[in-house]
Amino acid sequence: MNPILQEVTLGNFLQTNSVVHKIDPRLKLGSVFVYTILICMFRGIYALLLTFVALLAVYKGAKIPLKALWKNLKVIVPIITIAAMVNIFLIPGSVVFEIWFLKVTKEGLIFTLMMFFRASCLVSGTALLTFTTSPGSLVDALEYFARPVRMFGGSPNEIAMAISIAIRFVPTLFTELGKIIAAQKSRVAPFDSPKLRERLRAYLPVIVPLFHITSKRAEDLACAMESRCYAGNNKRTKFRILRFGTLDFVALVLMLVCAVGTFWVDRWRLYS
Amino acid sequence: MIVYENVTHIYNRGLPNQQIALDDVNLRFEDGEFVGIIGRTGSGKSTLVQHMNGLLKPTTGRILMDGKDVSIKGLGINFNVGIVLQNPEDQIFEQTVFKEIAFGPQNMKLDSGEIKRRVAMAMDFVGLPKDILETSPFDLSGGQKRRIAIASVIAMQPRVLVLDEPTSGLDSAGKKNILQRIYEHHKKEKTTVVLVSHNMEEVAQYVERVVVLEKAKVTMEGKVDEIFEKPNELRKIGLDIPRISVAFLKLKELGYDVKNVHTLKQAKTEFFRLKKTLQER
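Residues numbered from 1 in each chain as written. Chains lettered and ligands numbered in written order. Predicted model: local features only at pLDDT ≥ 70, side-chain atom pairs only at ≥ 80, totals over all residues. Heavy atoms only, no water.

### Brief notes about the overall build of chain B
- From N to C terminus, chain B includes 10 helices and 10 strands.
- Split into buried and exposed, the 281 residues of chain B put 51% on the buried side.
- Nonlocal contacts in chain B, meaning residues at least 24 apart in sequence, comprise 59% of its contacts between residues at least 6 apart.
- Counting only carbon and sulfur atoms, one obtains 50% of the accessible surface of chain B, whose full area is about 13300 Å². (Helix = DSSP H or I, 4+ residues; strand = E, 2+ residues; numbered from the N terminus. Buried < 20%, exposed > 50% of the residue type's maximum accessible area, 1.4 Å probe, protein only. Contact = heavy atoms within 4.5 Å. Areas by Shrake-Rupley, 256 points an atom, 1.4 Å probe, with all protein chains shown as cover.)

Written out as structure tokens, the structure is:
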């Protein structure tokens, strides 16, 4: 195991034996889907704030340290900052204060704040799914939702397998990436050169080997699966059979209450 | 001289999968030494050496090179230390072997004559034929790729050369060849060499001093002979002594008057000495 960049938790499962971990993966996947749509539909800041607080409570319940969440959130900070800087000055409305020719409006401030919470909610919500659901059960859920493709002669298992492999190899690729960066750094690659052009050029020696390793790995994996007689047809039986239990029912009700509740808050207290 | 002072390194600190990779390590590498680092997989060997040029920064503690702290966060890579990481052929990216080996020296902003000289020197060092200079490194065999990767660090002429399992996956001729050349280089240029290895025969043959890592801690440290005098302690932590040492321990057990030996060369002289005394009797 190589040390560098191992600290990336994106797409990493954290086993903590909480209630949230035990919920049926189909329910979790389904609710993240609904949740994402809901987050995008919210028009006011209150519902977003409420959702964020509720989400933090679920993190607490899932025993996921907020530090792990912060590592994922950090990734979006630069994007948000750039978008905020543009929005805060460009949205017309009642002016709060002026700096030289730039006008900061109340609408701009609210919009920026909303964008911040919207993005945070999206990232933390989806991260919660991968934190609390092992890649294996996530595939089971995906397979379940992909069942309609059978009607067109497709195989849900093949789709689920492809997606799960992609998810599974994200951390591996990060580890690989870290190793290559370390190796090129040891050869004085100008990663922290003050010149942007040089810094960008320093990444070419990282990308080429990464592609090379990835394609090699894909080939090896295909061979390994082939030699174990993998076939993604619909005759496959399952080892883990998902059952919707009492816990899942309670979770479903709770989530429906939260969804309806926040939506109601949103439409009732628009912008005010 | 490189000194590790109370170096601790923790991965994923504060998360459920937190892992202590180095636990209060105190070490000293003198100039011109050939040091071996042995230990089981996951004992922290790679983490230890990656602190040497500042690739990793310690969670607590510090690393001094000639009295200067190289472990300050934000400080770049210490180029006096050249590290060949595990499976270094994964770093290859250039279109030709020449460009690949020249990558390091080029980044050091050397002039083209000097770069050419250094590439030739490094190629010679690892025993690569000159006629592959313009071929693509991706077309070469695994062993040759490994040599190119090692050459690319050699070409930077570091004062301290660190090799993290440089021979894993090579055939036995290739193994011997590379280590022999590194040993000669060490003797000639008085370069400090740090060798991370699983192969006790290699360690016995080339290394002067051994550092034993176990579960993130330095558990033993000393001259090769001293370390291999304690086979039971080594076995307890999943390591072993060279096979020739085992054979000579057995001879001793059987009542023959032999010294403990750890390399084939020592074994040969000791064996002939034993033969002579037996014949005289």
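That covers the picture; the talk isn't over yet.
### Some thoughts on the pattern of salt bridges
- Here the structure, examined in full by the defined rule, presents 17 salt bridges over all chains.
- Salt-bridge contacts for Glu253(B) lead to Lys250(B); the nearest nitrogen and oxygen are separated by 3.7 Å. Placement of the pair is Glu253(B) and Lys250(B) together in helix H9 (residues 243-253), with a separation of three residues, close to one helical turn.
- Judged by its relative accessible area of 47%, Lys250(B) falls in the partly exposed class.
- Between Arg273(B) and Glu270(B) there is a salt bridge whose closest N-O contact spans 2.8 Å. Pair noted here: Arg273(B) and Glu270(B) are both in helix H10 (residues 264-280), with a separation of three residues, about one helical turn.
- By sharing partners, the salt bridges in this structure join Glu176(A), Lys179(A) and Arg217(A) into a single network. (Salt bridge = Lys/Arg side-chain N within 4 Å of Asp/Glu carboxyl O.)

### Here we look at the interface of chain A and chain B
- Facing 32 residues of chain A, the contacting portion of chain B comprises 33 residues.
- Taken together, both faces of the contact between chain A and chain B bury some 2700 Å²; the carbon and sulfur share is 62%.
- Our count for the chain A to chain B interface comes out at one salt bridge.
- Connecting chain A to chain B are seven residue pairs in polar contact (both at pLDDT 80 or more).
- Looking at the side of chain A that touches chain B, the elements that each hand over two or more residues are helix H4 (66-73), helix H8 (156-186) and helix H10 (204-227) of chain A.
- Ranked by residue count, the leading element in the side of chain A that touches chain B is H8(A), at eight residues. (Buried area = accessible area lost by both parts, 1.4 Å probe. Polar contact = N/O pair within 3.5 Å; in protein donor to acceptor, adjacent residues only side chain to side chain.)

### Things to note about unusual backbone geometry
Residue and element names in this part refer to chain B.
- Positive phi, normally seen in glycine, also occurs at Glu-165, with a value near 45 degrees.
- Inspection of the secondary structure puts Glu-165 in the loop between strand E7 (160-164) and helix H5 (172-189).
- In this structure, Ala-216 is a non-glycine residue whose phi angle is positive, near 70 degrees.
- Looking at the element boundaries, Ala-216 is found in the loop between strand E9 (209-214) and strand E10 (217-223).

### Re the packing of aromatic side chains
- Under the criterion given, the structure shown has 10 aromatic pairs over all chains.
- Relative to Phe117(A), the ring of Phe116(A) has its centre 5.1 Å away and its plane inclined at 75 degrees; by these criteria the two rings are edge-to-face.
- You can call Phe117(A) buried: its relative accessible area is 14%.
- When the centroid spacing of 6.1 Å and the interplanar angle of 70 degrees are considered together, the rings of Phe271(B) and Phe272(B) count as edge-to-face. (Phe/Tyr/Trp six-rings, centres within 6.5 Å; stacked < 30°, edge-to-face > 60°.)

### With respect to a positive patch on the surface
- A grouping of Lys67(A), Lys74(A), Arg13(B) and Lys73(B) is seen on the molecular surface, where their side chains present a positively charged patch.
- Mapped onto the fold, Lys74(A) is located in the loop between H4 and helix H5 (77-90).
- Exposure remark for Lys74(A): the relative accessible area of 44% places this residue in the partly exposed category. (Patch = residues over 30% accessible without salt bridge, like charges linked within 9 Å, V, L, I, M, F, W, Y side chains within 5 Å. Lys, Arg positive; Asp, Glu negative; His and termini not counted. Charge placed at Lys NZ, Arg CZ, Asp CG, Glu CD.)

### Comments concerning the confidence of the model for chain A
Residues and elements named next belong to chain A.
- Per-residue confidence for chain A averages 84 on the pLDDT scale, and 94% of its residues sit at or above 70.
- When mean pLDDT is taken per element in chain A, helix H2 (residues 25-41) scores highest with 93 and strand E1 (residues 95-99) scores lowest with 77.
- Ignoring residues within four places in sequence, the model shows residues 1-10, a span with pLDDT below 50, making 32 contacts including any to other chains. (pLDDT = per-residue confidence, 0-100.)

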